[in-house]
Protein chains: 2
Amino acid sequence: MARAGLNSERVVLAGAELADEVGFDQVTISALARHFDVKVASLYSHVQSSHDLSTRIALLALDELADLGAAALAGRSGKDALSALGNVYRDYARQHPGRYAAAQLRLDPETAAASAGVRHAQMTRAILRGYDLTEPEQTHAVRLVGSVFRGYVDLEMGGGFDHSAPDSQESWLRVLEALDALLRNWPVT
Amino acid sequence: MARAGLNSERVVLAGAELADEVGFDQVTISALARHFDVKVASLYSHVQSSHDLSTRIALLALDELADLGAAALAGRSGKDALSALGNVYRDYARQHPGRYAAAQLRLDPETAAASAGVRHAQMTRAILRGYDLTEPEQTHAVRLVGSVFRGYVDLEMGGGFDHSAPDSQESWLRVLEALDALLRNWPVT
DNA sequence: TCAGACTTCCTACAGTCTTTAGGATTTCAC
DNA sequence: GTGAAATCCTAAAGACTGTAGGAAGTCTGA
């Protein structure tokens, strides 16, 4: 019997691709086994469990997102940087909905600490260096910016902005402008 | 054999309670059958499918949230109203994490249109009547406010604000102040 | 080259959940 | 009370997870 030539990375990557096609919650070890034309039990040599598979896909997505973010931020500052990072998240969610969903998976603290999640926090903070904020206001602002990115993308992906007038792209640009203005005038009263 | 006295509402309510205890994704028809000490097949008289159960729990949560929001908004305006509605979402998520998760479930368009989701959009729009905004800026602002509420609560629930200095409550208050200032100075440049 | 040692993949099986079919029992309305 | 409807059941099939233990490739070193 010829071997399929599997390994952890290939399995996880296929899982990520499958997630983008059919949804993150539809990614099962069984489905991946079918994809590789291999028996289910075989995949347990490459992945510890279903939960382990989910976690690895999440880590892959966080990593990809952090790389894209870092690339987008290079050489930019101020509103330019703000928009660039926001667009990275939004575009990634549209192009890779399954991976984006995976990236929201709640990780246990140790895993999270070792993940690219840390880089994400640093990137948002880096943006704020273009504005004039000091602690603890900077942290409040980091949280606000993170909330807007996360919330807007989730709502848009969930279809929340579908059935009404100004289209989502327009609102997105306006939201970025508003956020930029807010940061420039921080601290607010 | 004595009957358990089940009906749709009781089953869905028990599902919502179970969701708060063990997580929305752990709510299964099997688990509910165990809870009512009834065979699994019996529940299919009250619920069409697992998906139907999830949807009904989501609708329940959306409804409860809309009622709480409406009550909180009564007699308030401006920043008062903004904070009140934001706190409704945030407090609900903390007190009923499973129900809150259910409320994020993506509904098919017809179900969504008939749900309390519509009231939620109206409430956010009602808040903006306390500020001086006209279309299409008002819609952009509605989307921004929704994004912040949704994003902040999700990140906080996901543990995103745990391991660093200013505590989340402090940031939340600051975020509400910032949002209020932003709306007062809208349109921004 | 070839004998371990290791890795990869398999069969077999047990446990859980979903869903349907069809039958029995309880309850309600007339 | 009797017939209809609602409630609950047994039975069974199909899907997914996970474990145990075995066979067949693959690699390494003498």
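Further up the page is the structure itself.
None of the values given here were measured: they were computed from a predicted structure.

1. Observations regarding helix α4 (residues 50-73) of chain A
And then number 1: In a regular helix each residue adds 1.5 Å, so 24 residues correspond to 34 Å; α4(A) covers 35 Å between its end C-alpha atoms and thus fits that length.
And then number 2: The first or second residue beyond α4(A) is A:G75, which carries a positive phi of 80°.

2. Some words on the nonpolar core
And then number 1: Ranked by size, the top nonpolar core spans 126 residues in total, and within it A:L144, A:F149, A:L183, B:L144, B:F149 and B:L183 carry the most contacts.
And then number 2: Residue contacts for B:L183: discarding those within four places in its chain leaves B:L82, B:L128, B:Y131, B:L133, B:A141 and B:V145.

3. Overview of the packing of aromatic side chains
Residue and element names in this part refer to chain A.
And then number 1: This model, assessed by the stated rule, comprises eight aromatic pairs over all chains.
And then number 2: Plain terms: the ring middles of Y89 and F149 are 6.1 Å apart, the flat faces sit at 45° to each other, and that makes the pair tilted. Within this pair, whereas Y89 is found in helix α5 (residues 78-95), its partner F149 is found in helix α9 (residues 137-157), the two being separated by 60 residues in sequence. Each member of the pair Y89 and F149 is classed as buried.
And then number 3: Geometrically, the ring pair formed by Y152 and F161 is tilted, given 4.9 Å between the ring centres and 55° between the ring planes.
And then number 4: By relative accessible area, Y152 is classed as buried at 0%.
And then number 5: Given the relative accessible area of 9%, F161 is considered buried.
And then number 6: Ring pairs connect the aromatic residues Y89, F149, Y152, F161 and W172, which therefore count as one cluster.

4. Brief notes about the protein's contact with DNA strand C
And then number 1: Residues in contact with DNA strand C amount to 22 residues; listed here are only the nearest, A:R3, A:A4, A:S42, B:R3 and B:S50.
And then number 2: When atoms of DNA strand C within 4 Å of the protein are sorted by moiety, sugar and phosphate together comprise 67%.
And then number 3: Note that a phosphate oxygen of DNA strand C is positioned 3.2 Å from one of the backbone N or O atoms of B:I29.
And then number 4: Take B:S50: an N or O atom from its main chain is 2.6 Å from a phosphate oxygen of DNA strand C.

5. Side note on unusual backbone geometry
Residue and element names in this part refer to chain A.
And then number 1: Cis geometry is found at the peptide bond from E135 to P136, where omega equals 0°.
And then number 2: In this chain, W186 is followed by P187 through a cis amide linkage whose omega measures -5°.
And then number 3: Of note, P187 is situated in the segment after α10 (168-184).
And then number 4: Within the chain, D37 stands out as a residue other than glycine whose phi angle is a positive 55°.
And then number 5: Here D37 shows up in the loop between α2 (29-36) and α3 (40-43).

6. Considerations on the protein's contact with DNA strand D
And then number 1: By nearness alone, 21 residues border DNA strand D, and A:R3, A:S50, B:A4, B:K39 and B:S42 come closest of all.
And then number 2: Considering DNA strand D, the proportion of its atoms within 4 Å of the protein that are sugar or phosphate atoms stands at 67%.
And then number 3: At a separation of 3.0 Å, a phosphate oxygen of DNA strand D approaches a polar side-chain atom of A:R34.
And then number 4: In the environment of DNA strand D, a phosphate oxygen lies 3.4 Å from a nitrogen or oxygen atom belonging to the side chain of A:Y44.
And then number 5: Those elements that provide at least two residues to the surface near DNA strand D are α2 of chain A together with α3 (40-43) of chain B.
And then number 6: If one sorts the elements of the surface near DNA strand D by residue count, α2(A) sits on top with three residues.
And then number 7: Taken together, the residues of the surface near DNA strand D sort by class into nine nonpolar, eight polar and four charged.

7. Observations regarding helix α1 (residues 8-22) of chain B
All names here are of chain B.
And then number 1: For α1, which comprises 15 residues, the first-to-last C-alpha distance of 21 Å matches the rise-based estimate of 21 Å (1.5 Å per residue) to within 8%.
And then number 2: Along α1, the positions that sit buried rather than exposed are S8, V11, V12, A14, G15, A16, L18, A19 and D20.
And then number 3: The opening residue of α1 is N7, an N-cap whose side-chain oxygen sits 3.1 Å from the backbone nitrogen of E9.
And then number 4: Two residues or fewer after α1 comes G23, characterised by a positive phi angle close to 105°.

Rules used in this analysis
Sequence positions are assigned chain by chain, starting from 1 and proceeding in written order. As they are written, the chains are lettered A onward and the ligands numbered 1 onward, keeping that order. This being a predicted model, a pLDDT of at least 70 is required before a residue's local features are given, and a value of 80 or more before pairs of side-chain atoms are given or counted; all residues contribute to the totals for chains, interfaces and linings. The basis for every side-chain value is the complete set of non-hydrogen atoms in the structure, without hydrogens or water. Secondary structure elements follow DSSP: runs of H or I no shorter than four residues count as helices, runs of E no shorter than two count as strands, and numbering proceeds from the N terminus. Expected helix span is given by 1.5 Å per residue-to-residue step, counting one fewer step than there are residues. Among buried residues, those of type Ala, Val, Leu, Ile, Met, Phe, Trp, Tyr and Cys that are joined through side-chain atoms within 4.5 Å constitute a nonpolar core. Any residue under 20% of the maximum accessible area for its type is buried, any over 50% is exposed, and the rest in between are partly exposed; the area is computed with a 1.4 Å probe on protein chains only. Contact between two residues is taken to exist if any of their heavy atoms lie within 4.5 Å; hydrogens are not considered. Any pair of Phe, Tyr and Trp rings, taking the six-membered ring for Trp, is counted once the centres come within 6.5 Å. Such a pair is stacked with planes under 30 degrees apart, edge-to-face with planes over 60 apart, and tilted for the rest. Nearness is defined per residue: one heavy atom within 4 Å of the molecule or strand is enough. For the purposes of these results, a polar contact is taken to be a pair of N or O atoms within 3.5 Å, where, inside protein, one atom must be able to donate a hydrogen and its partner to accept one; residues adjacent in sequence count only when each atom of the pair is a side-chain atom. Any residue that is not Ala, Val, Leu, Ile, Met, Phe, Trp, Tyr, Cys, Pro, Asp, Glu, Lys or Arg is counted as polar, Gly included; the first ten are nonpolar and the last four charged.

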